[in-house]
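# Coordinate inspection notes
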Amino acid sequence: VTATYLFNSDGLEVLARYVAPDTLFAFDLDGTLAPIVEDYTAVRVTSPIRATLTRLVNLAKVAVITGRSRKDAEKILGFEPHLLIGNHGAEWPFDLSWQNSYLAETCLKWSEGLHVMLDDVQGVEIEFKGASLSLHYRKAVNQEYALAQIDTAIGKLCPMPRTIAGKLVVNVLPMEVATKGVALVAAMKELKLHRAIFIGDDVTDEEVFQLKNIDVFGIHVGKDNNTAAKYYLKKQSALLGLINSMVGILESYSVYKSAIK
Ligand SMILES: [Mg+2]
C-alpha cells in the first residue's frame, strides 16, 4: 500500500474528521517542524511555523517526539508543547531516571569506544544525547565509506545496541529504551486522548505509522514508497499551510462552542 497525497479531496476529508479539540497533535522535529540543514546544530523552527504552533497549543494538545535530547529540542522549538519527549521516546519530562541510570552510563561507554574507533574517519560526528547517541556522517566526503566504518564500529559495541538508520545519521540506543511508537501511545494515555495526528519524515517515525489498534492519522513528510503512513506531504515547506488549516478548523470549533454557551 503506498501513501496518498494529503491534499487531494479524499485526504482532506479524512483529515478534517481528525482535526478536533480532543485530538493529540504530535510532531517529529528534524525534517518535519524544521528543515534539515547541513549543520545539525544550526536547525531552527522558523518563526511562521512557531507562531502557528503557538496558536495550536492554545486550541488542542500538542506533543513533539524527537530524537534529540529535550534540552536541545527546547532551544530549537522556541514554543512550549504540552509534552516534549526526547531521545526517540526514551526521555520524558517527568521521568528523570534515565539521567543517572544504566542507560546514560551505557551510552557514555559506547561514545568513548566509538570516538576511539571512528577518530580517523573524515566527516563523522558523534552526538551524545544522554539516553542515546547519533552518529552523523552528512559532512563526510565519502558517505558510503563513513557509513561502512560506522556500522563496523557499532558491531563491536558491548552490550549490543539497537540501531535506527536515519537521513545521513545512525542512531544508537540501548535495547531497553522506549521508542517513538511506545512514546506516542504513552503520550495519548498521559493526555487522556483517544485519537492522534502524527507527522514525521524518517525511519524512527515509522514505528508510529505502523501502530495497530491505535487511532493515529499518519502523515509522512516527503513522498516515500516504503512508508507505512497513509498520507504524505510533498515537502517540509508544505507543513506551514497544513498546520494553519488545522488551526483554522480548531478556531471554528471554539467559535461554535462560545456561540452555544
Ligand atoms: Mg525527522
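As shown above, the structure is provided for reference.
Conventions adopted
Residues numbered from 1 in each chain as written. Predicted model: local features only at pLDDT ≥ 70, side-chain atom pairs only at ≥ 80, totals over all residues. Heavy atoms only, no water. Pairing = 2+ DSSP bridges. Helix = DSSP H or I, 4+ residues; strand = E, 2+ residues; numbered from the N terminus. Axes fitted to C-alpha atoms, helices over the stretch in contact; angles between N-to-C directions. Contact = heavy atoms within 4.5 Å. Buried < 20%, exposed > 50% of the residue type's maximum accessible area, 1.4 Å probe, protein only. Right-handed = clockwise from strand over helix to strand, strands pointing away. Polar contact = N/O pair within 3.5 Å; in protein donor to acceptor, adjacent residues only side chain to side chain.

## Re the sheet that holds strand β8 (residues 169–173)
If you trace the four strands from one edge of the open sheet to the other, you get β5-β6-β8-β7, paired in antiparallel fashion. The open sheet has two free edges, formed respectively by β5 (125–128) and β7 (162–166), since each of these has just one partner strand. Strand-to-strand twist across the sheet, computed as the mean angle between neighbouring axes with direction ignored, equals 20°. Helix α5 (residues 143–155) contacts β6 (133–136), β7 and β8 of the sheet and is inclined by roughly 10° relative to β8.

## Observations concerning the sheet that holds strand β2 (residues 24–27)
Strand order in the open sheet formed by seven strands is β1-β11-β10-β9-β2-β3-β4, and the pairing between neighbours is parallel. Single-partner strands in this sheet number two, and they are β1 (4–5) and β4 (83–85). Sheet topology note: the strand β3 (residues 61–65)/β4 ladder contains three bridges and is parallel. Considered in β4, the bridge of I65 is made with I85. Across the sheet, helix α3 (residues 70–77) is in contact with β3 and β4; its angle to β4 comes to roughly 125°.

## Examining the pairing of β2
Burial along β2 is two-sided: L24 and A26 facing one way and F25 and F27 facing the other are all buried. For β2 and β3, the ladder comprises four bridges, and the chain directions are parallel. In the strand pairing of β3, A26 is matched with A63. With respect to chirality, the unit in which β2 leads through helix α2 (residues 47–57) into the neighbouring parallel β3 is right-handed. Here four bridges tie β2 to strand β9 (residues 196–200), and the two strands are oriented parallel to one another.

## Description of the environment of Y18
Inspection of the secondary structure assignment puts Y18 in helix α1 (residues 9–18). As for Y18 and I154, which are separated by 136 residues in sequence, their C-alpha atoms are 41 Å apart. Once you skip the residues sitting within four places of it in the chain, Y18 turns out to touch T23, R195, A196, I197, D215, V216 and F217. In terms of polar contacts, Y18 uses its side chain to reach the side chain of D215, at 2.3 Å.

## A word on the pairing of β9
The buried count for β9 comes to five of five residues, which makes it a mostly enclosed element. Of the two faces of β9, both are covered, the one formed by A196, F198 and G200 as well as the one formed by I197 and I199. Across five bridges, β9 lies against strand β10 (residues 216–221) in parallel orientation. When the bridges of β10 are listed, F198 appears paired with G218.

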